[in-house]
Number of protein chains: 2
Amino acid sequence: MEKSKLGEFHFETEPYLLDFRGRTMIPMIGNYLLHAASVHAESRGFGFLDMSERHTAWVLSRLAIEMNEFPAMSEEVIVYTWVEDVGKLFTNRCFELTNQAGTPFGYARSIWAAIDTATRRPTPLDVEGLNEYQMERPCPIEKPGKIAPVENKTEGQVYQIKYSDLDVNGHLNSIKYMEHLLDLFDIRLYREKEIRRFEIAYQSEGTYGMSLTLHADEVSPGKYDMAICHEGKAICRAAVTWQ
Amino acid sequence: MEKSKLGEFHFETEPYLLDFRGRTMIPMIGNYLLHAASVHAESRGFGFLDMSERHTAWVLSRLAIEMNEFPAMSEEVIVYTWVEDVGKLFTNRCFELTNQAGTPFGYARSIWAAIDTATRRPTPLDVEGLNEYQMERPCPIEKPGKIAPVENKTEGQVYQIKYSDLDVNGHLNSIKYMEHLLDLFDIRLYREKEIRRFEIAYQSEGTYGMSLTLHADEVSPGKYDMAICHEGKAICRAAVTWQ
């Protein structure tokens, strides 16, 4: 049976997992995307366990999400995902989010690397194997770009990594980076505006008890550059556009 | 078509939603239970939207979870849920968690009240309507009990409620109470022991920016009483047994 190159995943928003506006939060969208990526890769022989057997692991390097609207209560969210291209060290995976009527309301782009689980260093991808699943399909949002440092321009809010922040590798969970960054914004912004684009570049791993500073700087109206730092060095950068 | 009184829900643990031990965390178990309760109630005409139409809302008052083991990666989790009894103001809903082989590895008990959404005060339940779904089935764990105050015995860790903590009513999300409490335990406890029983009693609502103190006191070996307080008054109490 030939498996389609396009993964299709269905979710339904849940009442107790919405924010105070009754909308799905960006980290929950991130969860949907990671779930889709994870199961889609798994069904094609490149899942977490397949990678583990080869002493490798996927590492999310960058993620950009653009949303025209955020799903409300008990709405169906359909996520399509596909591999756009595969390079020696990085692969691009795209996402389209549509509602039940088939209308797209968001897109996302992600960049993944594989690491050797012993050395934690990047390892070459199985370009040939992965390329079998590559497909052409429009993903009409900008690729993740360069984000300027902000840690020297802002004081930063202190945060210490806790048990609930850790993923299965014992590192700060990808979704928790998002959550802590988005908590920097005053609640009034959430009342008055919407996040149109959220972009994040993961640079290094956070570990238990690590003391972090969280930074946000409004570089132009509604556009924020952000960073999470440890001892003055960024472990991730992010950019958020409000509208 | 007669709907079964016993709800059955299937989940699969996801690699990026496990803790550093590769195990499902208590808050994620809580998510499974709330999902099951929510959809089960909905399919019987007592869901979030049905309640909203009557200007009422379900409020989780107490929850006790007992786990013999915690699901690992890519394991199926089957949650059975049923209404044990219905009183004038409170209803008891039970849960059984089994693995794919049908072996139970956990049970939970929850107590729910309904509030009037205008006054935020308890409102009488539709005892007759709810009783149609009541069923007998063993749930072999102790009911949620009284938890002693600990806030005067321990200093408490300060926490301020953030955007990502809020639920659709603008209050501290039930799952986030758990998460913040469990983060009080040192990582060594998670390395060496397992949580056998987690019990929580929700007392009042946390709101945005509210300054909280988080308390834990080891009352006997491996047994902790806990509280979340605002201005010295508990907004919830919890008890955790490690083994």
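Placed above this text is the structure.
Residues numbered from 1 in each chain as written. Chains lettered and ligands numbered in written order. Predicted model: local features only at pLDDT ≥ 70, side-chain atom pairs only at ≥ 80, totals over all residues. Heavy atoms only, no water.

Chemist: Outline the overall build of chain A, supporting the account with residue identities and numerical values.
Modeler: Each helix and strand in chain A was counted, giving five helices and eleven strands. For chain A, the C-alpha radius of gyration of 18 Å lies close to 18 Å, the compact-globule estimate for 243 residues. Along the three orthogonal principal directions, the C-alpha set of chain A runs to about 55 × 45 × 30 Å. Burial status across chain A gives 57% buried among its 243 residues. (Helix = DSSP H or I, 4+ residues; strand = E, 2+ residues; numbered from the N terminus. Rg over C-alpha atoms; globule rule 2.2 N^0.38 Å. Buried < 20%, exposed > 50% of the residue type's maximum accessible area, 1.4 Å probe, protein only.)

Chemist: Requested: an account of the interface of chain A and chain B, with residues and values cited.
Modeler: Taken together, the contacts link 35 residues of chain A with 36 residues of chain B. Both faces combined, the contact of chain A with chain B buries some 3300 Å², and carbon together with sulfur accounts for 60% of it. Counting across the interface, chain A meets chain B through two salt bridges. Between Lys176 of chain A and Glu179 of chain B there is a salt bridge, and its shortest N-O distance comes to 2.7 Å. Seen at the junction of chain A and chain B, the total is 20 residue pairs in polar contact (both at pLDDT 80 or more). Those elements giving two or more residues to the side of chain A that touches chain B turn out to be helix 1 (26–42), helix 2 (48–53), helix 4 (174–182) and helix 5 (187–192) of chain A. (Contact = heavy atoms within 4.5 Å. Buried area = accessible area lost by both parts, 1.4 Å probe. Salt bridge = Lys/Arg side-chain N within 4 Å of Asp/Glu carboxyl O. Polar contact = N/O pair within 3.5 Å; in protein donor to acceptor, adjacent residues only side chain to side chain.)

Chemist: So what's going on with the packing of aromatic side chains? Which residues, and what values?
Modeler: Considering all chains together, one arrives at 16 aromatic pairs over all chains under this definition. Note on Phe11 of chain A and Tyr32 of chain A: the rings are 4.4 Å apart at their centroids and 25° apart in plane angle, and the pair reads as stacked. Of this pair, Phe11 of chain A sits in strand 1 (residues 7–12) while Tyr32 of chain A is found in helix 1, placing the two residues 21 residues apart along the sequence. For the pair Phe11 of chain A and Tyr32 of chain A, one class covers both residues: buried. Three or more aromatic residues joined by ring pairs form one cluster here, namely Phe20, Phe185, Tyr190, Tyr224 and Trp242 of chain A together with Tyr163 of chain B. The aromatic ring of Tyr159 of chain A is capped on one face by Lys162 of chain A, whose charged end is 4.5 Å from the ring centroid. One cation-aromatic arrangement involves Arg137 of chain B over Trp82 of chain B; the distance from NZ or CZ to the ring centre is 4.9 Å. (Phe/Tyr/Trp six-rings, centres within 6.5 Å; stacked < 30°, edge-to-face > 60°. Lys NZ or Arg CZ within 6 Å of the ring centre and 35° of its normal.)

Chemist: Lay out unusual backbone geometry with the relevant residues and their values.
Modeler: Residue and element names in this part refer to chain B. Of note in the backbone geometry, Ser74 takes a positive phi value of approximately 55° without being a glycine. Given a relative accessible area of 26%, Ser74 falls into the partly exposed group. The phi dihedral of Arg120 is positive, around 60°, even though this residue is not glycine. Inspection of the secondary structure puts Arg120 in the loop between strand 5 (104–116) and strand 6 (122–123). Accessibility expressed as a relative area gives 30% for Arg120, which makes it partly exposed.

Chemist: Before we move on, could you go through the relation of the copies chain A and chain B and cite the residues and values that matter?
Modeler: Turning chain A through 180° and shifting it by 0.0 Å along the axis lays it on chain B, with an RMSD of 0.0 Å. The symmetry that links the two subunits is that of a two-fold axis. Every residue of chain A has its C-alpha some distance from the rotation axis, and the shortest such distance is that of Tyr159 of chain A, at 5.4 Å. Most of the interface of chain A is mirrored in chain B: 100% of its interface residues are interface residues there too. (Least-squares fit on C-alpha atoms with pLDDT ≥ 70 in both.)

Chemist: Help me get a handle on the pairing of strand 8 (residues 195–202) of chain B, residues and values and all.
Modeler: Residues and elements named next belong to chain B. In terms of burial, strand 8 is largely enclosed, as eight of its eight residues are buried. Of the pairings in the sheet, the one linking strand 2 (residues 56–67) to strand 8 comprises five bridges and is antiparallel in character. Bridge pairing links Glu66 to Arg197 in strand 8. Of the strand pairs in this sheet, strand 8 and strand 11 (residues 233–242) are connected by seven bridges, and their pairing is antiparallel. Following the sheet pairing, Ile195 is matched in strand 11 by Trp242. (Pairing = 2+ DSSP bridges.)

Chemist: Run through the side chain of Arg237 of chain B, naming residues and quoting values.
Modeler: Residue and element names in this part refer to chain B. Looking at where Arg237 falls in the secondary structure, it is placed in strand 11. In this structure the side chain of Arg237 is engaged in a polar contact, spanning 2.9 Å, whose partner is the side chain of Glu151. Aside from chain neighbours lying at most four places away, what touches Arg237 is Ile147, Ala148, Pro149, Val150, Glu151, Glu199, Ile200, Ala201, Gln203, Met226 and Ala227.

Chemist: Let's hear about helix 4 (residues 174–182) of chain B: which residues, and what values?
Modeler: An α-helix turns once every 3.6 residues. As a result, residues three or four positions apart point the same way. In terms of residue burial, helix 4 of chain B counts as a mostly covered element, since eight of its nine residues are buried. For helix 4 of chain B, the capping residue at the N-terminal end is Asn173 of chain B, with a side-chain oxygen 2.8 Å from the backbone nitrogen of Ile175 of chain B.

Chemist: Kindly report on the state of the cysteines, identifying the contributing residues and their values.
Modeler: Under the counting rule described, the total for this entry stands at zero disulfides over all chains. Note on Cys229 of chain A: no disulfide assigned, nearest cysteine sulfur contributed by Cys236 of chain A at a separation of 8.4 Å. What makes Cys229 of chain A buried here is its relative accessible area of 1%. Free of any disulfide, Cys94 of chain B has its nearest neighbouring cysteine sulfur in Cys139 of chain B, separated by 3.9 Å. (Disulfide = S-S within 2.5 Å.)

Chemist: Could you give an account of the environment of Gly206 of chain B, naming the residues involved and the relevant values?
Modeler: All names here are of chain B. As for its placement among the helices and strands, Gly206 is situated in the loop between strand 8 and strand 9 (211–220). Relative accessible area serves as the criterion here: at 0%, Gly206 is assigned to the buried category. Each C-alpha atom, one on Gly206 and one on Leu166, is 8.5 Å from the other, the two residues being 40 residues apart in sequence. Contacts of Gly206, omitting those with residues within four sequence positions, involve Ile161, Gly170, His171, Leu172, Tyr177 and Ile235.

Chemist: How would you summarise the side chain of Arg196 of chain B if you had to cite specific residues and measurements?
Modeler: Residue and element names in this part refer to chain B. Mapping Arg196 onto the fold places it in strand 8. The buried charged residue Arg196 lacks any salt bridge, with Glu194 as its nearest oppositely charged partner at 5.3 Å. Here Arg196 is in contact with Ile65, Glu66, Met67, Asn68, Glu69, Thr241, Trp242 and Gln243, once residues within four sequence places are set aside. (Lys, Arg positive; Asp, Glu negative; His and termini not counted.)

Chemist: Before we move on, can you summarise the packing of helix 1 of chain A against helix 4 of chain A with the specific residues and values?
Modeler: All names here are of chain A. For the pair helix 1 and helix 4, the least separation of the axes is 9 Å and the interaxial angle reads 165°. Taken together, the axis directions place helix 1 and helix 4 in an arrangement best described as roughly antiparallel. The interaxial crossing formed by helix 1 with helix 4 has right-handed handedness. Residues Ile26, Pro27, Gly30, Asn31 and Leu34 of helix 1 lie in contact with helix 4, whose contacting residues are Ser174, Ile175, Met178, Glu179 and Leu182. Partitioned by chemical class, the residues of the contact of helix 1 with helix 4 number six nonpolar, three polar and one charged. (Axes fitted to C-alpha atoms, helices over the stretch in contact; angles between N-to-C directions. Parallel < 35°, antiparallel > 145°, perpendicular 65-115°, else oblique. Left-handed = near helix turned anticlockwise from the far one by under 90°. Nonpolar A, V, L, I, M, F, W, Y, C, P; charged D, E, K, R; others polar.)

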